[in-house]
Amino acid sequence: MQTSRLQTAVLIGPGLGWLALLMVVPCGLVFVLSFFERGVYGGIDYVFNFGNFARAIDPLYLNIFFKSARIAGLAALIALLIAYPAAYAISRAPRRHQTPLLFLAILPFWSNYLIRTYAWIVLLNREGFLNQGFELLGYQGEPINMLYNDGAVVLGLVYNYVPFVILAIYSSITRLDPEIWEASQDLGATRFRTFYRVILPQTVPGIAAGLVFVFVLSIGNFITPDLLGGGRVQMVGNLIYDQFLTARDWPFGAALSFVLIGIMMVLLFLQAVLANRAQGGGRG
Amino acid sequence: MTREAATVLEIRNVSKSFEAVQAVRDVSLSIRENEFFALLGPSGCGKTTLLRMLAGFEKPSRGEILLDGKDISPIPPNRRPLNLMFQSYALFSHMTVRGNISYGLEMENLPKGEIQARVNDILETTRLTEAANRRPAQLSGGQRQRVALARALIKRPRVLLLDEPLAALDKKLRESMQLELKRLQNEVGVTFVVVTHDQEEALVMADRMAVLKDGVLMQVGSPHQVYEHPNNKFVAQFIGVMNFFDGETVDGGVKVKDEVLLGAVPPELGRGQAAAIAVRPERLEIANGAMPADHNRLSGQVVEIAYHGLDVTLSVRTPISEQAILVRVSANASDRFKFAAGQNLDIVWSATHSRIMAS
């Protein structure tokens, strides 16, 4: 049955309205804001200029961007290395085991993000479970400092986003024609060569989706760096947070937000291109 | 084919069970050098399972499979000199046509030059040269089918296994590809084993065929043997159309109600046994005056006329059978007789065209 134009409008209306009201309009406001100046006593002076963007690429702030990108990139890479084998194993498990295994993978989402992050503090701090464990195993020296450094932030990010990557890669593996494993074997390939030459290249869309997902969520994250980085690891997310809530420099915060959004858009675009190419390039 | 060629593949008492289901039951078959062999049966008859056991993707529960006299069951699929063309084709969507075809030779670690020469060769044979640099998504159904074929053939397998190779094509293309497959098989001189559920396809393409039902081998023979001399009612009905009259055997025929229909009783059927006498619709004729003594004659009434263009099929009700008898008459005969529903007529056939089998 053909849906009429009116039906389409009725069906798509609520979703589109929601997006427009809560996504496009606020983004537009932030965008406009980024071209003004902070007032002397907070507030906003409506003087149009590009000063905030010039300031955003000042080495001081640019370095924070680079550092955030490095941490987010590392988190994405590690998450991928953990998630790919897990997703592969789940997709090759007997069909009746797959749903329970996926359920286990996303189980952490049933508890609050903050609580899970605090739990890492309990595990990692100087008097934490890990250090107590080391002591029980006979370790005698100073307690190891595992908290409040880049490593702890990467760990927290990886921990939180691995399930998403598992889902992304699982879905791209299960979308493959199950006969291509056998076809490759039939043509003389070992299991390893089948994986390397046939399966891995065809799951590039899933890999790209997972990587971009972790990267985008990590680079803008401010809770994990705040709690596990202990304020010493400043990431863009924290910087923006500070501009809006501490420094009360909304226009500069808005400019930083827009640089971040720009980076994310470029990445999402690249991912879409990559996914399209891996699908056999459509027609052309 | 009068000369018996050497056996390439021998299936000996092979059975296969999946948990509670017995997919293949005690099947024994020999497949000869260079023949086009069809495994025919309705879906779920075990033909695909049998093919997958030949390729090495399933292990027989019992029995053995010999290739050139040697048991191949311990050899994994990637080291068997047999190749399978998958029903879904299973092409690698991220590779070009050339990439797909050369893959199998790359796995053999052959020198680059040889791979290239052989790929160019097979591209030519399968008329894919123009499409060599395209991806599977950019090909037509027929082209995709030829890529799958080329990819398997380039490995120069001892036996090429084809799982419903034409099922994904539309009717017109399927018919031309039947002949194309035969041509290719002649050209490359490889033994083909084709799984199909389409009896017409098997009749057209195969040198010999095996008919399977519920995992049991029903009959093996040339298309002519299987069509003209079916061993049992299942084969007779599955391949082509068959009229049956149920009765019991007497000397030189079968007694159906009060009528004795003439035909050769096979030696394994004794006298007085429940049996069916069968005859193909195209062997029936409309009586036109006197007839030879060795002919059967039945009077009946036309209940339905189906026009096919090429010929006409009459449904004729007879007093000795509950089911209407199908009679296929040529367009010429149809013009001459001017059939109409309700018309009474006599149908006749020579006793040599009667087939008698246990019912």
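In this text, all values refer to a predicted model and were calculated from it rather than measured experimentally.

Conventions we followed
- Residues numbered from 1 in each chain as written.
- Chains lettered and ligands numbered in written order.
- Predicted model: local features only at pLDDT ≥ 70, side-chain atom pairs only at ≥ 80, totals over all residues.
- Heavy atoms only, no water.
- Helix = DSSP H or I, 4+ residues; strand = E, 2+ residues; numbered from the N terminus.
- Buried < 20%, exposed > 50% of the residue type's maximum accessible area, 1.4 Å probe, protein only.
- Contact = heavy atoms within 4.5 Å.
- Areas by Shrake-Rupley, 256 points an atom, 1.4 Å probe, with all protein chains shown as cover.
- Lys, Arg positive; Asp, Glu negative; His and termini not counted.
- Charge placed at Lys NZ, Arg CZ, Asp CG, Glu CD.
- Phe/Tyr/Trp six-rings, centres within 6.5 Å; stacked < 30°, edge-to-face > 60°.
- Lys NZ or Arg CZ within 6 Å of the ring centre and 35° of its normal.

Asks: Hey, could you run me through the overall build of chain B in this one?
Replies: Per the secondary structure count, chain B includes 9 helices and 20 strands. Along the longest, intermediate and shortest principal axes, the C-alpha atoms of chain B span 75 × 45 × 40 Å. For chain B, the residues scored as buried account for 52% of the 359 residues in total. The contacts of chain B with a sequence gap of at least 6 include a subset with a gap of at least 24, amounting to 66%. Entry remark: accessible area of chain B is about 16700 Å², with carbon and sulfur atoms responsible for 47%. If the 43 positive side-chain charges of chain B are averaged to one point and the 42 negative ones to another, these points end up 5 Å apart.

Asks: Please explain unusual backbone geometry as it appears in this structure.
Replies: Glycine aside, residues mostly have negative phi, and peptide bonds are mostly found in the trans state. Residues and elements named next belong to chain B. The backbone phi angle of N13 is positive, close to 50 degrees, even though this residue is not glycine. Looking at the element boundaries, N13 is found in strand β1 (residues 7–18). By relative accessible area, N13 is classed as partly exposed at 41%. For E164, which is not glycine, the phi dihedral falls at a positive 45 degrees.

Asks: Help me understand the packing of aromatic side chains in this model?
Replies: How two aromatic rings sit relative to each other is set out by the distance from centre to centre and by the angle between their planes. Inspection of the entire model under this criterion finds 24 aromatic pairs over all chains. Summarising the aromatic geometry, the rings of A:F31 and A:F35 are spaced 5.2 Å apart at their centres and angled 90 degrees between planes, so their arrangement reads as edge-to-face. The partly exposed category is assigned to A:F31, whose relative accessible area is 38%. Ring plane angle 65 degrees and centroid distance 4.9 Å describe the contact between B:F92 and B:Y103, whose orientation is recorded as edge-to-face. Of the two residues, B:F92 sits in the loop between β6 (82–85) and α2 (97–107) while B:Y103 sits in helix α2, which places them 11 residues apart along the sequence. B:Y103 carries the same exposure label as B:F92, and that label is buried. Grouped by ring-pair contacts, the aromatic residues A:F31, A:F35, A:F48, A:F50, A:F53 and A:F258 constitute a single cluster. When the ring centre of A:W181 is taken as origin, the NZ or CZ atom of A:R92, which lies over that ring, is 3.9 Å away. Directly above the aromatic system of B:Y227 lies the positively charged group of B:R280, at a separation of 3.9 Å from the ring centroid.

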